[in-house]
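# Notes for the structure review
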Amino acid sequence: MGKGEKRVRGYYRHLGLWAAFVAVSAVYSISTFPFSVFPAISSSLAKGEAAFVSTSTREGRLAVFDDAWSTINARYYDRDFHGLDWEAQRTTFRSLAAEANSSQQLYATLRQMISALNDPHTRVFPPEEKFDWWRPRFVSIGIGIREVDGLPTVVHLEPRSGPDRAGIRVGDVIETVNGIPALSLVQRRLDLSTSQSAPSRSRAFAGLMEGPADTQVSVAWKRKDGQQRSGNFRRLWRQRELGMRIRHARGGVTVVEIDAFTKAIAAEFSRLFRHKIADARGVILDLRSNGGGDAEAMTDVASAFLRAGTGLGRFTGRDGSGFALMTYSKSPFTPEPITRTELPLVVLTSERTASAAEILIAALKASRRASVVGTDTCGCVLAIRTRHNLPDGGLLDVSEMDYQTAGGERLENRGIKPDEMITVQRRDLYSGRDPGLELALKRLQP
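Residue positions are given per chain, counting from 1 as you read along its sequence in written order. Note on the predicted model: pLDDT of at least 70 is required for a residue's local features to be given, and 80 or more for side-chain atom pairs to be given and counted; whole-chain, interface and lining totals, by contrast, use all residues. Computation of side-chain values: all heavy atoms of the structure, hydrogens and water removed.

### Some points on the packing of aromatic side chains
Only Phe, Tyr and Trp rings take part, Trp by its six-membered ring, and two of them pair if their centres are within 6.5 Å. Stacked means planes under 30 degrees apart, edge-to-face means over 60, and tilted covers everything else. Across all of its chains, the model carries 10 aromatic pairs by this definition. Here the aromatic rings of Phe-269 and Phe-273 are separated by 4.6 Å at their centres, their planes lie at 20°, and the arrangement is stacked. Residue Phe-269 and its partner Phe-273 are both found in helix H8 (residues 263–276); the two are separated by 4 residues, about one turn of the helix. Across this residue pair, the class does not change: Phe-269 and Phe-273 are buried. Taken together, a centroid distance of 5.1 Å and an interplanar angle of 50° make the contact between Phe-315 and Tyr-403 tilted. Within this pair, whereas Phe-315 is found in strand E14 (residues 311–317), its partner Tyr-403 is found in strand E20 (residues 401–404), the two being separated by 88 residues in sequence. Of the residues examined, Phe-315 reaches a relative accessible area of 0% and is grouped as buried. Under the relative-accessibility criterion, Tyr-403 is labelled buried at 1%. An aromatic cluster is defined as three or more aromatic residues linked by ring pairs; in this entry it consists of Trp-69, Tyr-76, Tyr-77, Phe-81 and Trp-86. Only when the NZ atom of a Lys or the CZ atom of an Arg is both within 6 Å of the ring centre and within 35 degrees of the ring normal do we say a charge sits over the ring. It is Arg-90 that lies over the ring of Trp-69; its NZ or CZ is 5.5 Å from the centre. Secondary structure counts use DSSP, requiring at least four H or I residues in a row for a helix and at least two E residues in a row for a strand, with both numbered from the N terminus. Only protein chains enter the accessibility calculation, which uses a 1.4 Å probe. A residue is then buried if its area is under 20% of the maximum for its type, exposed if over 50%, and partly exposed in between.

Encoded structure:
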């Protein structure tokens, strides 16, 4: 590593090396967003500076639109915008932004323009929906939706939420939303995208219930017995606490479930891991709901399974500058020593596994250190350097760096294929079975 690379890497270490959010959490209706590979703690306006543009005027809306478009134009990691005519996007959407009748409609226009990039890291948030990387907050009716057998299916249910009280259960099929067939809404979302990839499909299904906070949505669903039910539910702000859990499973296997990579979670992992694997015969690393996080926190976890000095890949910016990641023997931000194990390892994945989690899995596979069970990962591995404040107080995230594995492979829009695919079945959702975990346990039995 040269002096320049060391300097660049040190700079990002100072910023916290945040990495991507997918799944705010995976389980909710906005669940397919990844953590960006290091969301900026810095911004383009002074911290605390007041918004100075009102989107109630045409001039204000154009100021916000022009600022967003030009920022992406100047910063986006791909100068060719994946073949998209970015100038034409400005021509098409600027007049729509000017005539928007509300801030909500303005930001819907911006999102439509940005969606053509097919890049879940590049996104925009109105002032009232600013996204906190530390404590993800989002609007939901209390269910998460995923495609199962080609149908929008409930895969997560918030206890005591409106849908829970109305009798919706995990495994039920969503048939209509506000009277419109759910599959028609999914297809509309796909038609607006330039890609029909698995991540695009996942986002289209997951976003069926999206809408402004404190608004009602009418939902019809089909139950296990084939009966149809319907109800009206309110979209509410909800918050997810990110963490990790380590537990013992049958046969002397330790299961480690990590929601995201943060420094606090990495420190907790270091503190507990050595004790939990003392008498284990194998480890299952469950990253099915992990959308990424802090890249150095991920490196701490990777260092528990890979030899020090193992390359984890490289980020490169539009101008060719960048930095590499590699495992180490001593953590830079926790006094806990890194406990490295050679125990057999199985990693669980899903389409919600994204960004820094994908970097870790790619390195484990390349080193032949682990077998991977589940479904294809998100293919969402780009990096954000600085969060950009828009003139009205909104926020814009722009993918400014591309990623390649240590072997030179790009993961963006490709993801990682598991060694053994597990297809989610509706009967498993209704019965509460976890076939992925069951297979992982079987692989680790003597």
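After presenting the structure, the write-up continues.
### Some details on the pairing of strand E11 (residues 244–249)
Judged from the 6 bridges that link them, E11 and strand E12 (residues 253–258) form a sheet pairing that is antiparallel. If you follow Ala-249 over to E12, its bridge partner there is Val-253. Each pair of strands is called paired provided DSSP finds at least two bridges between the two strands.

### Describing the sheet that holds strand E13 (residues 282–286)
Spatially, the 6 strands line up as an open sheet ordered E11-E12-E13-E16-E17-E21, and their pairing is mixed. Two strands bound the open sheet, and with one partner strand each, they are E11 and strand E21 (420–421). One ladder, built from 4 bridges, connects strand E16 (residues 345–349) with strand E17 (residues 371–374); its direction is parallel. Within the sheet, the bridge partner assigned to Val-346 lies in E17 and is Ser-371. The criterion used for residue contact is that any of the two residues' heavy atoms lie within 4.5 Å. Note on definitions: angles span 0 to 180 degrees between N-to-C directions of axes, and those axes are lines fitted to C-alpha atoms, for helices only across the stretch in contact. Relative to the sheet, H8 contacts E11, E12 and E13, its axis offset from that of E11 by approximately 15°.

On their own, these measurements won't tell you what the molecule is for.
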